[in-house]
Amino acid sequence: MFAVDNLTVSVGPQARPIDIVDRVSFSILRGEVLGLVGESGCGKSMTSLAAMGLLPKPGPRIRSGRVLLDGADVTRLEPWQRVEAGHDAMAMIFQEPMTSLNPVRRVGDQIVEAVRVREQISAAAAKERARELLELVRIPDAALQLSAYPHQLSGGMRQRVMIAIALATRPRVLIADEPTTALDVTVQFQILGLLRELCVRFDIAMLFITHDMGVIAQLADRVAVMYAGRIVETAAVKDLFAAPNHPYSRSLMACMPIRGAGTARLRTISGQAPQPGSMLAGCAFAARCPEARESCRSVAPAHLESAAGHEVLCSYPVTDGRPW
Amino acid sequence: MVTGETILTVEGLRLHFDVRRGGRHLQVRAVDDVSLSLREREVLGIVGESGSGKTTVGRSIMRLAQPQAGRVVFRGRDVLRQGGEGLNDLRLRIRMVFQDPYASLNPRRSIGDSVAEAGDINGVFTGRADRQRRIAESLTNVGLDPSLAGRYPHELSGGQRQRVGIARAILPVPDVVIADEPVSALDVSIQAQVLNLLSDLRERLGLSMILISHDIGVIGHMSDRVAVMYMGRIVEFGEAREVIDRPSHPYTVALMAAVPKPDPSLRIAGTIAASEPPSQFDRPEGCAYAPRCPLANDRCRVEAPVLRPVGTQVVACHNALPG
Amino acid sequence: MTMASGTPGRLAVMRSGIGRLGVRPIALIGLGILLVVLVAAIAAPLIAPYDPDTYDALIRLSPPNPAHWFGTDQFGRDTLSRVIHSARMALLVGVGVVTFALATGVPIGVFSALFPRLGRVSMRAVDVLMAFPSLLLALGLIVILGPSVANSIIAIGAGFLTTTARIVYGLTLRLKTETYVEAARSMGSRTGWLVLKHILPNLVSPLLVQASFVFAFAQLSAASLDFLGLGAPPGIPSWGNMLAESRNFITRAPWLLFFPGMMIVLTAFALNLAGDALRDRLDPRFRGLFRGEG
């Protein structure tokens, strides 16, 4: 099980830190997919980097909170330190496979490199494992493609290679940061199917970050909605789509140009997300919230939780049923 | 709303370019015999994935790319063959909104200068006061405060910059706006704002639009008619609702099925149309979609299909049935 | 995204660029030195304690002393006064070379990039010019043109026009693919408009940096030419010909070598510091101008 507990990531001077991730908590079970959804600047990528131990130095830092792998606190450990300490592997895949893959090395070599991080096996055995991994991610002619360079592969194939590299360390946790955003829709469909299948088969806890609610609906078991560095709602995917409680979640879903909506005007969210550090007391969404009361601007929002595990960070969540 | 009178037609557009890959000379047929029509006050959506050629069609109409063959006829004049005065006039009547709000504005020029550029180049303004007034009007039309004219792009958000790009495209007010992925680089909530803006402007200014996008949701929301492109050709063309809800061409069917619906109860198990689009250099003979098509037969591999009526739309497929 | 409440207007970028130049102490030192040189050049007759050409055989080759802080040379001329007056030459040559390099390099680079068929020829010509070591090139041109201040500016400038042209060529190639240039083309702009409104303004900041470096290295080249007697005529003092004349007296009167030499080094150093500071201020500010987060 993978959990993040009250994680806060800040930038700026020690004396006056600016929180770009604010007390974020969630947990993911083995074999489960948690979708982390939010718009750009909400802090979802930063959360994932912090959880992996990949925050750039110098730069944003974890100010408080913990990252837990099966109960063990790995917050301050960088990835190599986690390996050394014998923890289960965590792997990450990113949006742009062209920049995550080394353009001057063959794809097979890059997978082998990942394999040998964890396992002390011979080069030949590692190469065999690399071929298996390519087959696992459904790349045709796996044995031949081991010697391909990234630029010789299409975007979808490169992303599959990324997944193969991620799987090479036999991870228990996989963090995917918008892995299909740059791909064509038909390719995206296949990659999503592949990821889901792999998580179930290898019992991997996956954190899937995206801004696309459609992808969330297709892939996630549970969803966390993020806004201005905070998680404002967490729920099982069916519950979230059937009855979103947080006004931001409701607004977000209402503004999607759904295929069947015809030519009606789209609902919008007025204004813009607040800059980190410019938020005063009270709820970060209050200025744009259609349901906001006076007190919302000055009083911090309540953290409410229902029996079914539906959590919301709002003092006046909307509970009247279908949103649209 | 849509009057039915055709104002722009594209006929037999062909654009290929030559590349060298690994010492061989190859040809990429970016646009291969494309024909469409745009009616007055209509939004024509062109949808396709990467490599479909949809952006190149838009650029060809704007003469930012030079097609090798074909005509683009606007109000009786062939856009591709115009020169001199006629071309200047056309440039003012057919305008483009670009995809990347960060790259489409010169960071060194003020918002006002960028918005007024078409007018400045073509001597449209009668004086400074006229120019100021019209810049303010354009900015107001796109929902921005006229005082932004003195600012610079880096002071604005992505959504605001995109609005500036639109303000630029409507000063002076054109007949046709070609929007190339106008909201792809924006957040969902901002997308909604900009799409609403485009709808409003179409109403108020009587614009006709060609909307190019890979996003079916956007296309479906905005378009009256839709053309689906695959590897440089139009494979299906018809009323938007028909093409999207009842697609006929196997590629359109696969495309619509692949779009993730925001409804968890509609999860699709299994794969549809496995395999990826072939490389652009390896154009198969016959139908370009045949290698991936569940309906493909021998005829498909040899003979490229032409657009023919199937149900309520036109489809380029030998075997398509009404959706 | 918020809208910054900064001052709008054309000069906003420039103003904040220059205003923040002096933040780093090392840049302040560079600026200080340049200021001293500038003042010396402008007000030489007022500041210099003596006339630079006054001979006085009685005090020839005196080491630095209270009456002559930098000592005197073999003719009894005050070294300090000569050093101050030389600043004029330094500025003249510096400004002259920069102007020449920009006036020739920028058009060559811009038009080579905008018209590839022309560019293929002109950039190869630039390559040929670059193949010559800059000092040899300068010497060669002086021999052809004849030694004089104006000709030395051209001779030295020819070497710098090549690097300027290459920088501008590369930048323009990139700029012409920018979306906003495409947008301008789509609205009917001609080459002239593109160059004036889109290309040149975006070249300003890298060219400013280039100018400061050229200015610095021009001093060194000018000093070399003067040293060889092929630059400024010996009558007009310059650091370079002061160095040349000190050759025979290195052991007896090292101050004749030291002070002009130090001024050359200091000026070049100061200009490099200023160039660095300019680049740091203008460019990242540019790069940091809101890309990405939407």
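Draft legend 1. Focus on the overall build of chain A. Scanning chain A for helices and strands turns up 11 helices and 12 strands. Expected size for 324 residues packed as a compact globule is a radius of gyration near 20 Å; at 21 Å, chain A falls within 12% of this value. Summarising its shape, the C-alpha atoms of chain A cover approximately 65 × 50 × 35 Å along the three principal directions. The buried share of chain A, reckoned over its 324 residues, is 48%.

Draft legend 2. Main features of the overall build of chain B. The secondary structure content of chain B amounts to 11 helices and 12 strands. The globule rule puts the C-alpha radius of gyration for 323 residues at 20 Å, and the 21 Å found for chain B is close to it. Taken along the three principal axes of its C-alpha coordinates, chain B extends 70 × 50 × 45 Å. Taken across its 323 residues, chain B has 52% of its residues classed as buried.

Draft legend 3. Examining unusual backbone geometry more closely. In this structure, P58 of chain A follows K57 of chain A across a cis peptide bond, with omega equal to -5°. Within the element layout of this structure, P58 of chain A appears in the loop between α1 (44-52) and β4 (61-69). P172 of chain B follows L171 of chain B through a cis peptide bond whose omega is -10°. Its location among the elements puts P172 of chain B in the loop between α6 (158-169) and β7 (176-180). Even without glycine at this site, L61 of chain C takes up a positive phi of about 55°. Among the secondary structure elements, L61 of chain C is positioned in the loop between α2 (25-47) and α3 (79-114). The class for L61 of chain C is partly exposed, based on 15 C-beta atoms found within 10 Å.

Draft legend 4. Here's a closer look at the nonpolar core. Counting 269 residues, the largest nonpolar core has I111, A164, M206 and V232 of chain A, V228 of chain B together with V97 of chain C as its most contacted members. When near neighbours in sequence (up to four residues on either side) are disregarded, V232 of chain A contacts V225, M226, Y227, H246, Y248, S249, F285, V312, L313 and C314 of chain A.

Draft legend 5. Representation of the interface of chain B and chain A in the model. Every contact between the two is made by 32 residues of chain B and, on the other side, 35 residues of chain A. Looking at the side of chain B that touches chain A, the elements that each hand over two or more residues are α7 (188-205), α8 (216-222) and α10 (250-258) of chain B. Considering every element that reaches the side of chain B that touches chain A, the biggest residue donor is α7 of chain B, with 7 residues.

Draft legend 6. View of the environment of Q74 of chain C. Residues and elements named next belong to chain C. Along the chain, Q74 falls in the loop between α2 and α3. Given 16 C-beta atoms within 10 Å, Q74 falls into the partly exposed group. In sequence terms Q74 and I59 are 15 residues apart; their C-alpha atoms lie 8.8 Å from each other. With residues up to four places along the chain from it excluded, the contact list for Q74 reads R60, L61 and F249.

Draft legend 7. Highlighting the pairing of strand β6 (residues 89-93) of chain A. All names here are of chain A. Within β6, 5 of the 5 residues are buried, which leaves the element mostly enclosed by the surrounding structure. Burial along β6 is two-sided: the residues A89, A91 and I93 and M90 and M92 are all buried. Both β6 and strand β7 (residues 171-177) contribute to a ladder of 5 bridges, which runs parallel. Residue pairing for β7: A89 is matched across the bridge by P171.

Draft legend 8. Fine view of the packing of helix α6 (residues 149-175) of chain C against helix α8 (residues 191-227) of chain C. All names here are of chain C. Where α6 meets α8, the closest approach of the two axes is 9 Å, and the angle between their N-to-C directions is 155°. For the element pair α6 / α8, the angle class is roughly antiparallel. The two elements α6 and α8 cross, and the hand of that crossing is right-handed. For the pair α6 and α8, the contacting residues are S152, I156, F160, T164, I167, V168, L171, T172 and L175 in the first and H198, I199, N202, L203, P206, Q210, V214, A218, S221, A222 and L225 in the second. For the contact of α6 with α8, the class distribution of residues is 13 nonpolar, 7 polar and no charged.

Draft legend 9. Just the sheet that holds strand β9 (residues 225-230) of chain B, in detail. All names here are of chain B. Pairing is mixed in the open sheet, where 8 strands are placed in the order β6-β7-β8-β3-β9-β10-β12-β11. In this open sheet, the two strands that pair with only one neighbour each are β6 (94-97) and β11 (308-310). Each strand of the sheet is rotated relative to its neighbour by a mean of 20°, with strand direction disregarded. Relative to strand β8 (residues 208-213), β7 is paired through 5 bridges, and the arrangement is parallel. Looking across to β8, one finds that D180 is bridged to I212.

Draft legend 10. Looking closely at the packing of α2 of chain C against α3 of chain C. All names here are of chain C. Where α2 meets α3, the closest approach of the two axes is 7 Å, and the angle between their N-to-C directions is 135°. Overall, the two elements α2 and α3 adopt an arrangement that is oblique. Viewed along their axes, α2 and α3 form a crossing whose handedness is left-handed. Counted together, V37, A40, A41, A44 and I47 of α2 and I84, H85, A87, R88, A90 and L91 of α3 form the full contact between these two elements. In terms of residue class, the contact of α2 with α3 is built from 9 nonpolar, 1 polar and 1 charged.

Draft legend 11. Inspection of α6 of chain B at higher detail. All names here are of chain B. With 12 residues, α6 extends 17 Å between its outermost C-alpha atoms, agreeing within 8% with the 16 Å of an ideal straight helix rising 1.5 Å per residue. All buried positions along α6 are accounted for by G158, G159, Q160, R161, Q162, R163, V164, G165, I166, A167, R168 and A169. Where α6 is buried, its residues meet β6, α3 (111-115), α4 (117-121), α5 (128-141), β7 and α7.

Draft legend 12. A look at the sheet that holds β4 of chain A. Residues and elements named next belong to chain A. Ordered by their spatial adjacency, 4 strands build an open sheet running β2-β1-β4-β5, and the pairing between neighbours is antiparallel. Edge positions in the sheet fall to β2 (18-28) and β5 (72-73), since each of these pairs with one other strand and no more. As paired strands, strand β1 (residues 2-11) and β4 are joined by 7 bridges and run antiparallel to one another. Bridge pairing links D5 to R66 in β4.

Draft legend 13. The confidence of the model for chain B, seen in detail. Counting all residues, the mean pLDDT for chain B is 88, and 93% of those residues have values of 70 or more. On the interface metric, ipTM, the complex scores 0.86, and its pTM is 0.83.

Draft legend 14. Region of the structure containing the pairing of β7 of chain A. All names here are of chain A. Most of β7 sits out of view: 5 of its 7 residues are buried. In terms of strand pairing, β7 meets strand β8 (residues 205-210) through 5 bridges, oriented parallel. What sits directly across from D177, in β8, is I209. A crossover links β7 with its parallel partner β8, the connecting element being helix α8 (residues 185-202), and its sense is right-handed.

Draft legend 15. Local environment of the environment of G59 of chain A. By the element assignment, G59 of chain A lies in the loop between α1 and β4. C-beta crowding within 10 Å serves as the criterion here: with 10 such atoms nearby, G59 of chain A is assigned to the exposed category.

What counts, and where the lines are drawn
- Residues numbered from 1 in each chain as written.
- Chains lettered and ligands numbered in written order.
- Predicted model: local features only at pLDDT ≥ 70, side-chain atom pairs only at ≥ 80, totals over all residues.
- Helix = DSSP H or I, 4+ residues; strand = E, 2+ residues; numbered from the N terminus.
- Rg over C-alpha atoms; globule rule 2.2 N^0.38 Å.
- Buried ≥ 20, exposed ≤ 12 C-beta atoms within 10 Å, placed from the backbone.
- Core = buried A, V, L, I, M, F, W, Y, C linked by C-beta atoms within 7 Å.
- Contact = placed C-beta atoms within 7 Å.
- Pairing = 2+ DSSP bridges.
- Axes fitted to C-alpha atoms, helices over the stretch in contact; angles between N-to-C directions.
- Parallel < 35°, antiparallel > 145°, perpendicular 65-115°, else oblique.
- Left-handed = near helix turned anticlockwise from the far one by under 90°.
- Nonpolar A, V, L, I, M, F, W, Y, C, P; charged D, E, K, R; others polar.
- Expected span 1.5 Å × (residues − 1).
- pLDDT = per-residue confidence, 0-100.
- Right-handed = clockwise from strand over helix to strand, strands pointing away.

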